Amino acid sequence: MKLVFRSSIFLLAWALFAVPGMYAAEAEPLRVAIAGLVHGHVEGFFSNSAHRPEIRIVGISDPDRSLFDRYAAEFKLDPALYHADLEEMLRTAKPQAVLVYSNTFDHRKIVELCAKHHIPVMMEKPLAVSLQDAQAIERAAREAEIQVLVNYETSWYPSNHGMFDLVHAGAIGDVRKVVVHDGHKGPKEIGVSQEFLKWLTDPKLNGGGALFDFGCYGADLMTWLMNGQRPLSVTAVTQQIKPEIYPHVEDEATIILTYPKAQAIVQASWNWPFDRKDMEVYGRTGYVITVGRDNLKVRRAGEKEEQIVAAQKVPSPYNDSLTYLRAVVLDGLKPDGLSSLETNVIVTEILDAARQSAATGKTVNLKP
């Protein structure tokens, strides 16, 4: 299984997409439809991307008309874009791709419906609430020959790509231990919308609490870093530190993944004092620590102190979710790595096993 972004791919990307503004001006916009409005990330899409020239929104579907009206008023969306029924929108609006901002439980039925109409999908992380649903999504995508992508904010961080390149260039030797930190004070504490909070704290609709909400980032990054290798075992501990706020789901989770010669510790939390998305990668001869989106701390064999360096810019289309989606749908780019369905089925397998481990207090050994 090869999930490595090789240098030749990046050189080709530079050649094809070095001037994205010019490319967008010359190409027809990608026709996209929105499925669901309850995922809070949709607000970021509307504020930052809805009016980008390289895409055109041709429909928005959600059963709650009042939710659509709220976003339409705030972001100056055409009321004619609204559809109460997803299949009716797919049939009449004829999008080239669907962006999914539903709860995670609904991902399976949305993908299966889009597969019926042969329309590619990009959803917000994570892929699914269970391995069974992830495999059903994979099956539907394969049978309909559509691409299914999973969007993580961290997929586009220069720091993560810089870390990956250093590791795979052998700069720190073979990977031995990885520690990933993701999360914030908690969804209620940071003031997410009521419709977002409602399903984030529902174990059926979210798969869990902090375990699925933020554990998916570390599982995704580690699977990418390990070139698609599945772990040998998964051990997880979860807690309800704030049961008065989150009575139905865990707000604290730690996942330990073992590999033949490496170990990863994924720390997912709704209890961090500050927002964070960072990771530490320790090799046999050095380490790389990501610092936010753009910087790295690096120390290699023979160096007395760590160096703080700025990560290089990530070449298009690997630096932006919509640019990447366009390249996959319109230009035939084969998905791999962080956003790929192949990677994210493994991510869901890890999360499913972590939930089982936390419930039973036992390590889950994954089948070969």
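Described in the following lines is the structure provided in the data block. Throughout, residues of each chain are indexed from 1 in the direction in which the sequence is written. Per-residue local features are limited, in this predicted model, to residues with pLDDT of at least 70; the limit for side-chain atom pairs, both in listing and counting, is 80 or more; totals at the level of whole chains, interfaces and linings are taken over all residues. Derived side-chain values reflect all non-hydrogen atoms in the structure, with water molecules and hydrogen atoms excluded from consideration.

## A few points about the overall build of the protein chain
Right, on to step 1. If you tally the helices and strands in the protein chain, you get 13 helices and 15 strands.
Right, on to step 2. Overall size of the protein chain, expressed as C-alpha extent along the three principal axes, is 60 × 50 × 40 Å.
Right, on to step 3. Relative accessible area decides the class of each residue, using a 1.4 Å probe on protein chains only: under 20% of the type maximum gives buried, over 50% gives exposed, and in between gives partly exposed. For the protein chain, the residues scored as buried account for 57% of the 368 residues in total.
Right, on to step 4. Two residues form a contact once any of their heavy atoms are found within 4.5 Å. Long-range contacts, defined as pairs at least 24 residues apart, comprise 73% of the intrachain contacts of the protein chain with a sequence gap of at least 6.
Right, on to step 5. A total accessible area of about 16300 Å² is found for the protein chain, and carbon and sulfur atoms account for 52% of it. Numbered from the N terminus, helices here are DSSP runs of H or I no shorter than four residues, and strands are runs of E no shorter than two. Note that accessible areas follow from Shrake-Rupley with a 1.4 Å probe, and for residues the cover is restricted to the protein chains shown.

## Structural notes on helix H8 (residues 158-168)
Right, on to step 1. Among the 11 residues of H8, 9 are classified as buried, and the element is accordingly described as predominantly covered.
Right, on to step 2. Among all positions of H8, only Pro158, Ser159, Asn160, His161, Gly162, Met163, Phe164, Leu166 and Val167 are buried.
Right, on to step 3. Taken from the residues just after H8, Gly170 is the one with a positive phi, measuring 80°.

## Quick notes on the packing of aromatic side chains
Where two aromatic rings form a pair, the distance of their centres and the angle of their planes describe that pair.
Right, on to step 1. Geometry of aromatic contacts follows a simple scheme: Phe, Tyr and Trp rings, the Trp one being its six-membered ring, pair when their centres are within 6.5 Å, and the pair is stacked under 30 degrees between planes, edge-to-face over 60, tilted otherwise. By the definition in use, this model includes 14 aromatic pairs.
Right, on to step 2. Aromatic side chains Tyr71 and Phe75 sit 6.2 Å apart centroid to centroid with 20° between the ring planes, which places their arrangement in the stacked category. In this pair, Tyr71 and Phe75 are both assigned in helix H4 (residues 65-75), 4 residues apart and thus about one turn of the helix distant.
Right, on to step 3. What makes Tyr71 buried here is its relative accessible area of 2%.
Right, on to step 4. Residues Phe196 and Trp199 carry aromatic rings whose centres are separated by 5.5 Å and whose planes lie at 45° to one another, so their mutual orientation is tilted. Linking Phe196 with Trp199, this pair stays in helix H9 (residues 194-200), spanning 3 residues, or about one helical turn.
Right, on to step 5. A network of ring pairs unites the aromatic residues Phe45, Phe46, Tyr71, Phe75 and Tyr101 as a single cluster.
Right, on to step 6. A ring is considered to have a charge above it if a Lys NZ or an Arg CZ atom is located within 6 Å of its centre and within 35 degrees of its normal. Its end group placed over the ring of Phe214, Lys125 keeps NZ or CZ at 5.4 Å from the ring centre.

## Side note on the layout of surface pockets
Right, on to step 1. As defined here, a cavity is a set of points on a 1 Å grid over the protein atoms alone where a 1.4 Å probe fits but cannot get out. A pocket is an open set with protein on both sides within 12 Å along at least five of seven lines, and residues line them when an atom is within 4 Å of a point. Grid points are joined across faces, edges and corners, and a volume is the space filled by probe spheres set on the points. The volume enclosed by the largest pocket comes to roughly 460 Å³.
Right, on to step 2. What lines the largest pocket is a set of 21 residues, and nearest its centre among them are Gly44, Phe45, Asn48, Asn151 and Ser321.
Right, on to step 3. Those elements giving two or more residues to the lining of the largest pocket turn out to be helix H3 (41-48), strand E5 (121-124) and helix H12 (321-331).
Right, on to step 4. Per-element accounting of the lining of the largest pocket gives the leading share, 5 residues, to H3.
Right, on to step 5. Residue composition of the lining of the largest pocket, grouped by class: 7 nonpolar, 8 polar and 6 charged. Residue polarity follows a fixed list, in which Ala, Val, Leu, Ile, Met, Phe, Trp, Tyr, Cys and Pro are nonpolar, Asp, Glu, Lys and Arg are charged, and the others, Gly among them, are polar.

## Structural notes on the packing of H8 against helix H11 (residues 210-225)
Right, on to step 1. To obtain an axis, a line is fitted to C-alpha atoms, over the contacting stretch when the element is a helix, and the angle between two such axes runs from 0 to 180 degrees between their N-to-C directions. Viewed as axis vectors pointing N to C, H8 and H11 meet at an angle of 30°, and their least axial separation amounts to 11 Å. When the axes of H8 and H11 are compared, the pair comes out roughly parallel. Crossing of H8 against H11: the hand is right-handed. On the side of H8, the interface is formed by Asn160, His161, Met163, Phe164, Val167 and His168, while H11 contributes Leu221, Trp224 and Leu225.
Right, on to step 2. By residue class, the composition of the contact of H8 with H11 is 6 nonpolar, 3 polar and no charged. Under this scheme an angle from 65 to 115 degrees is roughly perpendicular, one under 35 degrees roughly parallel, and one over 145 degrees roughly antiparallel; angles in between are oblique. Throughout, a crossing is termed right-handed when the near helix is turned clockwise from the far one, and left-handed when it is turned anticlockwise from it by less than a right angle.

## Brief notes about the sheet that holds strand E9 (residues 252-259)
Right, on to step 1. Only strands joined by at least two bridges in the DSSP assignment are considered to pair. The strand order E14-E13-E12-E11-E7-E10-E9-E8-E15 describes an open sheet built from 9 strands, whose pairing is mixed. Two strands close off the open sheet at either side, each with one partner strand: strand E14 (307-310) and strand E15 (364-365).
Right, on to step 2. Two strands pair when backbone bridges link them, and strand E12 (residues 286-291) and strand E13 (residues 295-300) are joined in this way by 6 bridges, in the antiparallel orientation. Looking across to E13, one finds that Gly286 is bridged to Arg300.

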